[in-house]
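Commentary on secondary and tertiary structure
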Amino acid sequence: MTVQLSGLWLPCPKIPTHCIQRRTSSDPNPKLSPIKTGISAAASLSSPPPTIQIVGGKTPRWRENESVHDAVEDKIDWAEMDADIYYWTRALRPVQWYPGHIAKTEKELKEQLKLMDVVIEVRDARIPLSTTHPQMDLWLGNRKRVLVLNREDMISTGDRNAWAMYFSRQGIKGTMKLGRLAKSLAAGVNVKRRAKGLLPRPVRAGIVGYPNVGKSSLINRLLKRRLCPAAPRPGVTRELKWVHFGKDLELLDSPGILPMRISDQAAAIKLAICDDIGERSYDVADVAAILVQILAKLPTVGMEALENRYKVDVDVQCGKIFIEKVALRLFNGDVHQAAFRVLSDFRKGKFGWVALERPPR
């Protein structure tokens, strides 16, 4: 599989217990979440497999040690990590976010998709499974499709290669240049039009995906100018907008879309951690506490990195206590500010390359 890496930067109540509980082997009934065995991008019997492009950015300074990181990452039991995240979310109020503009967009987008020659689906490379819309396959049908994993610069080479191999096994191919690919996939449009005696027209490509996965930034990168508003938070794009990429390609920028109800709360927490869902849908302190417990378990981060960064001891059993310690040391006891700092540090890559998902085995 060949993959082209192109540059692209891209309120709920308190839980009833003081700590977010840690799953233990003695738990008599952990009720673990079923492990996902496939994703929306998988080739189906009725639709052709999409093409994948992994899109990244500048190389962070810690890349010089990537071989060490990759070797350590292979030791992580990702199934156990997913089970822990699921367990930790059981005490929390469900994270749900479906503002009015998303409902309106979904209706309009489904109508516009009928006009598309090719669809470019963008996902967050840190959580490709969690940023998979469950109805995307149904909406797209047999339409030609490109899958873009954005924020490659925020995951390790090992993570990237694991996803490349996973998609390759699903029959999803790599690609070179996204703009060229979109045009080539839809080239048959004008061949058919000429055969019918019709004049050629620009190829129509729709950009779709969850909030804040980088759809507008991708378009701006392709066009090499800022035509679509983009910011590192969900909900910036609020309406559909057509932009032209030369004379041969038209791109449709769309607001982020989410399912009306997120049934997988482990996925919802990952969306919150990665800032791919509105902040009003979750308690920042609860989400940051789960993030601390995740980072403490990751060999590439661990308790030492957390302690060194915030100068407080880590209690791996309870991320909430750690957030409270950070609040007392740095923010005069303001837990919200402390939680936001930890989440912000993760989102800015202060802990290095940290993916929250690996492909299911």
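Going along each chain's sequence as written, the residues are numbered from 1 onward. Whole-chain, interface and lining totals are the exception, using all residues; otherwise, since this is a predicted model, local features are given only for residues with pLDDT of at least 70 and side-chain atom pairs are given and counted only at 80 or more. Excluded from the side-chain calculation are hydrogens and water; included are all heavy atoms of the structure.

A closer look at helix α9 (residues 265–273)
Among the nine residues of α9, nine are classified as buried, and the element is accordingly described as predominantly covered. Burial status follows relative accessibility: with a 1.4 Å probe on protein chains alone, a residue under 20% of its type maximum counts as buried, one over 50% as exposed, and anything between as partly exposed. By definition, any uninterrupted DSSP run of H or I lasting at least four residues is a helix, any uninterrupted run of E lasting at least two residues is a strand, and each is numbered from the N terminus. All of the buried residues along α9 are Q265, A266, A267, A268, I269, K270, L271, A272 and I273. Buried residues belonging to α9 abut α2 (78–89), α10 (284–297) and α13 (335–347). Definition of a polar contact: a pair of N or O atoms within 3.5 Å, with one able to donate and the other able to accept a hydrogen when the atoms are protein atoms, and with sequence-neighbouring residues admitted only if both atoms are side-chain atoms. Sitting at the amino-terminal end of α9 is D264, which places a side-chain oxygen 3.1 Å from the backbone nitrogen of A266. Positive backbone phi, approximately 65 degrees, marks D275, located one or two places after α9. Working rule for contacts: check all heavy atoms of both residues, and any pair within 4.5 Å makes them a contact.

Notes on helix α3 (residues 100–113)
The span you would expect from a helix comes to 1.5 Å times its residue count less one. Look at α3: 20 Å from first C-alpha to last across 14 residues, which is about the 20 Å you get at 1.5 Å a residue. H101, I102, T105, E106, L109 and L113 are the residues of α3 that are buried. Buried positions in α3, seen along its axis, are confined to an arc of 135 degrees and lie on one side of it. In α3, the exposed positions that point more than 90 degrees away from the buried face belong to G100, K104 and K107. Contacts made by the buried residues of α3 are with β2 (118–124), α4 (136–140), β4 (203–209) and β6 (249–253). By definition, the arc is the one covered by directions from the helix axis to the C-beta atoms.

What about the environment of M260?
Among the secondary structure elements, M260 is positioned in the loop between β6 and α9. The exposed category is assigned to M260, whose relative accessible area is 62%. Residues contacting M260, with those up to four places away along its chain left out, are Q96 and Y98.

Some words on the pattern of salt bridges
Salt bridge criterion: a side-chain nitrogen from Lys or Arg within 4 Å of a carboxyl oxygen from Asp or Glu. Following the criterion strictly, the structure yields 18 salt bridges and no others. One salt-bridge network, held together by shared partners, links E121, R123, D137 and R145.

Describing the packing of aromatic side chains
Any two rings among Phe, Tyr and Trp, with Trp reduced to its six-membered ring, count as a pair given centres within 6.5 Å; such a pair is stacked if its planes are under 30 degrees apart, edge-to-face if over 60, and tilted if neither. All chains considered together, the criterion is met by five aromatic pairs. Judged by centre distance (5.6 Å) and plane angle (85 degrees), the rings of W163 and Y166 are edge-to-face. Taken together, the positions of W163 and Y166, both in helix α5 (residues 157–169) and three residues apart, correspond to about one turn of that helix. One exposure class covers both W163 and Y166, and it is buried.

Some words on unusual backbone geometry
Not every positive phi belongs to a glycine, and N212 is a case in point at roughly 60 degrees. Assignment of secondary structure puts N212 in the loop between β4 and α8 (215–223). Here D275, not a glycine, exhibits a phi torsion of approximately 65 degrees, which is positive. On the accessibility criterion, D275 (12% relative accessible area) is buried.

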